[in-house]
Number of protein chains: 2
Amino acid sequence: MADDDEITAKRPTIYDLAQIAGTSASAVSSVLNGTWKKRRISARLAERISRIAEEQGYAVNLPARMLRRERSRVIGMIIPKYDNRYFGAIAERFETMARERGLFPVITCTQREPALEVEAAREMMSYQVECLIVTGATDPDRIAELCSAARVRAINLDLPGGRAPSVVSDNFAGALELTRVILSRVRADFGTPAPLYFIGGRAQDNNTRERLRGFTAAHHEAGLAVPEGNCLMRGYSAAKTLSAMAELGIADGSGVFVNSTIALEGVVRWLHDQPIPPELRFGCFDWDPFAVFLPQNVGMMQQDVAAMLSTAFQLIESPPEGVPTIRIPCRFRPRP
Amino acid sequence: MADDDEITAKRPTIYDLAQIAGTSASAVSSVLNGTWKKRRISARLAERISRIAEEQGYAVNLPARMLRRERSRVIGMIIPKYDNRYFGAIAERFETMARERGLFPVITCTQREPALEVEAAREMMSYQVECLIVTGATDPDRIAELCSAARVRAINLDLPGGRAPSVVSDNFAGALELTRVILSRVRADFGTPAPLYFIGGRAQDNNTRERLRGFTAAHHEAGLAVPEGNCLMRGYSAAKTLSAMAELGIADGSGVFVNSTIALEGVVRWLHDQPIPPELRFGCFDWDPFAVFLPQNVGMMQQDVAAMLSTAFQLIESPPEGVPTIRIPCRFRPRP
DNA sequence: AATCTACGCTCCACCGATTGAGCATCCAAG
DNA sequence: CTTGGATGCTCAATCGGTGGAGCGTAGATT
């Protein structure tokens, strides 16, 4: 409340409060953590201690509490990047849901570097996390191993692994639907039923493989074969995608399946770099509120972040048998 | 390295390692935290302890370490949202820079709710942060007060305050330049030197006021007055901006200054909702890699996140006299 | 031979909060 | 007057890591 400078040189502890209140540290502790009824502290004393704590601007020393308690109530998340809407939404939703459950969320971002992923996982162990959500990790099994050695439950999000339960989007179904839409729009607008291009991601990465499967299946439905050369997977980088686009020799009337918003940045930049931008149609796996309005976009496949995280927290709260991979449907958002 | 199940029921402590190595906990501690030379532990023993720690998958218990050490080496950041590029970039850069300095970054996001801001600040005190970067807070002075009571250095980022050093963009200069560009493009494309609209933000908020000042100054330069009704500041919400747009009766040939990417979402949605979208030109304060390609966009004013955070860390490392507000220039990014 | 110094290590108090065990006090029942 | 129970509180051990103080031994110096 009021300023009380020069009295407290450091932040007050329960011992300081106990001295001021003329009581014991254990009474103060139990009042401030809510166990005072169980410990038969009178309401009068509880009241007084609370008031003094307020006046002194007391804040519990979490490290000390965590050291003593057997449960830390800390839940960790490692995530590749903050700077796109998908991962941003995941981080935000994770924080909210953790707090709703009385847990302390700790997030760390690994810049998509495998070495940093492992380091981040170790750091999470040091924080004494009870559970770790591993998002979009290149090697989730490596991390799951670290976790199981430390008796920490791990959940894979976005990218599946073989040693911990996973929650992922239904990449196959999403890619199937998105490819169908792009194909039919290309047919409607240009009349040519040509096979589409597939741009972005990494061929080894599970999500990319699943999406490529959906992409191929939609082509087969339409009686089309996908030429090898149509698929360019140079990783998650706008710059690499941009330089790759030049090789394809994309002509008017083409259709493009873009495998992430980061790849889409490359595609869009390439388009605008062309002296005469080709007339084409594209669709993208992942949604972005601005990209969805871009002229040649037919629509975007939005992953259901809320459902994915609800499922992840359910898996944490009631650990499943075995190592399931749960697939969450995506939602197609056409260009408005 | 190898699995060593069923041996360790819990994560090992320095005492466990000491027992295995046949030495004392303090030797183990000093080896693992690097002070072993100072403490005259032999290289041979240090080697052996390191190997055993590795084998056992030891990870230091950070809460215990933090409790003991007088410095926690934790640095906190509170931030309104993760889900836009500006704040996403800030969070990411903050993490990187903190780690480069051997600090542990802890970020929490407050959903732009004043009550959550204060709660988040309290939580940061509980984590024993040594320093707190307060980003885009609605009431930075309230938080600065909490911090000074707990002897925690605070720095305001993005939104300035009166009780802690602040690092902000040069909103006036940025808005001046952006307004000039929009005005000249409107003139070039439509011939009509009409005053622009100003959309988004809150009238009480410092950044919005500064930008409005730049906006007005650019109009005066051009011999134009800004009619009151041209400025609509309904907060940081796409939905509110969208509904506000309807009131303005924007006609062909207009120019719009959009005060944030979140407001831009509303503007763009409004445009696409119109049966016949008006021909207009807009510019936006804040950059987004997709929005920058939208057809009627003349360009975006990008805040220099790296410079802002470098400055913030400098202020942390060498605390300044008084309570300065440092302004960082922005960079205009035209539509490619 | 006695003293000194460097070396290599261990002992133990401590950080702040938590919690099982235990100690008075008081009122009621036997 | 004693026993029993409830009430209201305090004591002290503990969590894991840290670091100042100190101890025994070996080799060097006087």
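Computed from a predicted structure; not experimentally measured.

Right, let's talk about the side chain of Asn 156 of chain B for a bit. All names here are of chain B. Relative to the helices and strands, Asn 156 is located in strand S4 (residues 153-157). Given the relative accessible area of 0%, Asn 156 is considered buried. A polar contact is formed between the side chain of Asn 156 and the side chain of Ser 166, at a distance of 3.4 Å.

Residues and elements named next belong to chain B. Mapping His 219 onto the fold places it in helix H9 (residues 206-221). Overall, the relative accessible area of 0% leaves His 219 in the buried class. Not counting chain neighbours up to four residues away, the residues in contact with His 219 comprise Thr 179, Leu 183, Pro 195, Leu 196, Leu 224 and Val 226.

Contact with chain A, which involves 56 residues of that partner, is made by 56 residues of chain B. Each partner contributes to the roughly 5200 Å² buried at the junction of chain A and chain B, and carbon and sulfur atoms together form 52% of this total. Summed over the three residues of chain A that lose the most area to chain B, namely Arg 11, Glu 92 and Phe 290 of chain A, the buried surface amounts to 15% of that side. Taken together, the connections running from chain A to chain B amount to six salt bridges. In this structure, Glu 265 of chain B engages Arg 85 of chain A in a salt bridge whose closest nitrogen and oxygen atoms are separated by 3.0 Å.

Residues Leu 309 of chain A together with Leu 309 of chain B are the most contacted members of the largest nonpolar core, which totals 54 residues. Residues contacting Leu 309 of chain A, with those up to four places away along its chain left out, are Met 77, Ile 90, Arg 93, Phe 94, Met 97, Ile 133 and Leu 157 of chain A. Listed in part, the 49 residues of the second largest apolar core include Ala 244, Leu 264, Val 267 and Phe 293 of chain B.

Moving on: the relation of the copies chain A and chain B. Between chain A and chain B, the superposition needs a rotation of 180° and an axial shift of 0.0 Å, giving an RMSD of 0.1 Å. Taken together, the rotation angle and the small translation identify this as a two-fold axis. No C-alpha of chain A lies nearer the rotation axis than that of Pro 63 of chain A, which sits 2.1 Å from it. Most of the interface of chain A is mirrored in chain B: 100% of its interface residues are interface residues there too.

Okay, the protein's contact with DNA strand C next. Within the structure, DNA strand C sits among 25 residues, and Arg 39, Tyr 58, Arg 65 and Arg 68 of chain A together with Ser 42 of chain B are positioned closest to it. Among atoms of DNA strand C positioned within 4 Å of the protein, sugar and phosphate together represent 44%. Here Tyr 15 of chain A contributes a side-chain N or O atom positioned 2.9 Å from a base nitrogen of DNA strand C. At 3.4 Å, a backbone N or O of Asn 61 of chain A approaches a phosphate oxygen of DNA strand C. Going through the elements one at a time, helix H1 (14-21), helix H2 (25-33) and helix H4 (62-68) of chain A together with helix H2 (25-33) and helix H4 (62-68) of chain B are the ones with two or more residues in the surface near DNA strand C. When the residues that make up the surface near DNA strand C are grouped by side-chain class, the tally is nine nonpolar, nine polar and seven charged.

Summed over all chains, the structure comprises 13 aromatic pairs over all chains. Relative to Tyr 127 of chain B, the ring of Phe 104 of chain A has its centre 6.3 Å away and its plane inclined at 75°; by these criteria the two rings are edge-to-face. With Phe 104 of chain A in strand S2 (residues 104-109) and Tyr 127 of chain B in the loop between helix H6 (114-126) and strand S3 (131-135), this pair bridges two chains. Taking the relative accessible area as the measure of exposure, Tyr 127 of chain B reaches 8% and is therefore buried.

All names here are of chain A. When the terminal C-alpha atoms of helix H8 (residues 171-190) are compared, their 27 Å separation across 20 residues agrees well with the 28 Å that a helix rising 1.5 Å per residue should span. Buried residues of H8: Asn 171, Gly 174, Ala 175, Leu 176, Leu 178, Thr 179, Ile 182, Leu 183 and Val 186, and no others. Tucked inside the fold, the buried residues of H8 contact strand S5 (166-169), helix H9 (206-221), strand S8 (254-258), strand S9 (280-285), strand S10 (297-302) and strand S12 (331-334). Two residues or fewer past H8, Gly 191 is found with a positive phi of approximately 80°.

Here we come to helix H10 (residues 238-248) of chain A. All names here are of chain A. What H10 keeps buried is the set Ala 238, Thr 241, Leu 242, Ala 244, Met 245 and Leu 248. Where the residues of H10 are buried, they touch strand S6 (197-199), strand S7 (231-232) and helix H11 (261-273). The N-terminus of H10 is capped by Ser 237, whose side-chain oxygen sits 3.3 Å from the backbone nitrogen of Ala 239. Looking at the residues trailing H10, positive phi occurs at Gly 249, about 60°.

Quick look at the protein's contact with DNA strand D now. In the vicinity of DNA strand D lie 24 residues, with Arg 40 and Ser 42 of chain A together with Tyr 58, Arg 65 and Arg 68 of chain B positioned nearest. Taking the atoms of DNA strand D that fall within 4 Å of the protein, sugar and phosphate contribute 43% of them. For DNA strand D, a phosphate oxygen lies 2.9 Å from a polar atom in the side chain of Thr 23 of chain A. Contact between DNA strand D and Arg 39 of chain A: a base oxygen at 3.1 Å from a side-chain N or O atom of the residue. Of the residues that constitute the surface near DNA strand D, the class distribution is eight nonpolar, nine polar and seven charged.

All names here are of chain A. Domains assigned within chain A are domain 1 (14-60), domain 2 (70-164) and domain 3 (171-302). Relative to domain 3, the C-alpha centre of domain 2 lies at a distance of 30 Å. Tallying the contact residues gives eight residues for domain 2 and ten residues for domain 3. Both faces considered, domain 2 and domain 3 share a buried interface measuring about 690 Å² in area, 51% of it formed by carbon and sulfur atoms. Contact with domain 3 buries area across many residues of domain 2, yet Arg 85, Arg 112 and Leu 159 alone supply 58% of it, more than any other trio. For the interface between domain 2 and domain 3, the tally reads zero salt bridges.

Mapped onto the present numbering, the UniProt feature "domain: HTH lacI-type" (unreviewed entry) falls at residues 12-69 of chain A. In this annotation, residues 12-69 of chain A is assigned 66% helix and 0% strand; the end-to-end C-alpha distance for the span is 21 Å.

Counted under the stated rule, the structure contains 28 salt bridges over all chains. When the shortest N-O distance is used, the salt bridge between Lys 81 of chain B and Glu 92 of chain A registers 2.7 Å. Here Lys 81 of chain B is found in the loop between strand S1 (74-79) and helix H5 (85-100), whereas its partner Glu 92 of chain A is found in helix H5 (residues 85-100) on a different chain. This pair shows no difference in class: Lys 81 of chain B is buried, exactly as Glu 92 of chain A is.

All names here are of chain A. The six strands are arranged S2-S1-S3-S4-S5-S11 in an open sheet whose pairing can be described as parallel. The sheet terminates laterally at S2 and strand S11 (325-328), the two strands that pair on one side only. Across the sheet, the mean angle from the axis of one strand to that of its neighbour is 20°, orientation sign disregarded. Pairing of S5 with S11, which is carried by four bridges, proceeds in the parallel orientation. The partner of Ser 169 across the bridge, within S11, is Ile 328. Packed onto the sheet, H5 meets strand S1 (74-79), S2, strand S3 (131-135) and strand S4 (153-157) and runs at close to 175° relative to S1. Docked against the sheet, helix H7 (residues 140-149) engages S1, S3 and S4, running at close to 175° with respect to S3.

Cut-offs used in this document
- Residues numbered from 1 in each chain as written.
- Chains lettered and ligands numbered in written order.
- Predicted model: local features only at pLDDT ≥ 70, side-chain atom pairs only at ≥ 80, totals over all residues.
- Heavy atoms only, no water.
- Helix = DSSP H or I, 4+ residues; strand = E, 2+ residues; numbered from the N terminus.
- Buried < 20%, exposed > 50% of the residue type's maximum accessible area, 1.4 Å probe, protein only.
- Polar contact = N/O pair within 3.5 Å; in protein donor to acceptor, adjacent residues only side chain to side chain.
- Contact = heavy atoms within 4.5 Å.
- Buried area = accessible area lost by both parts, 1.4 Å probe.
- Salt bridge = Lys/Arg side-chain N within 4 Å of Asp/Glu carboxyl O.
- Core = buried A, V, L, I, M, F, W, Y, C linked by side-chain atoms within 4.5 Å.
- Least-squares fit on C-alpha atoms with pLDDT ≥ 70 in both.
- Near = heavy atom within 4 Å.
- Nonpolar A, V, L, I, M, F, W, Y, C, P; charged D, E, K, R; others polar.
- Phe/Tyr/Trp six-rings, centres within 6.5 Å; stacked < 30°, edge-to-face > 60°.
- Expected span 1.5 Å × (residues − 1).
- Domains from an automatic or database assignment.
- UniProt positions renumbered as here; feature names shortened; annotations may be inferred.
- Pairing = 2+ DSSP bridges.
- Axes fitted to C-alpha atoms, helices over the stretch in contact; angles between N-to-C directions.

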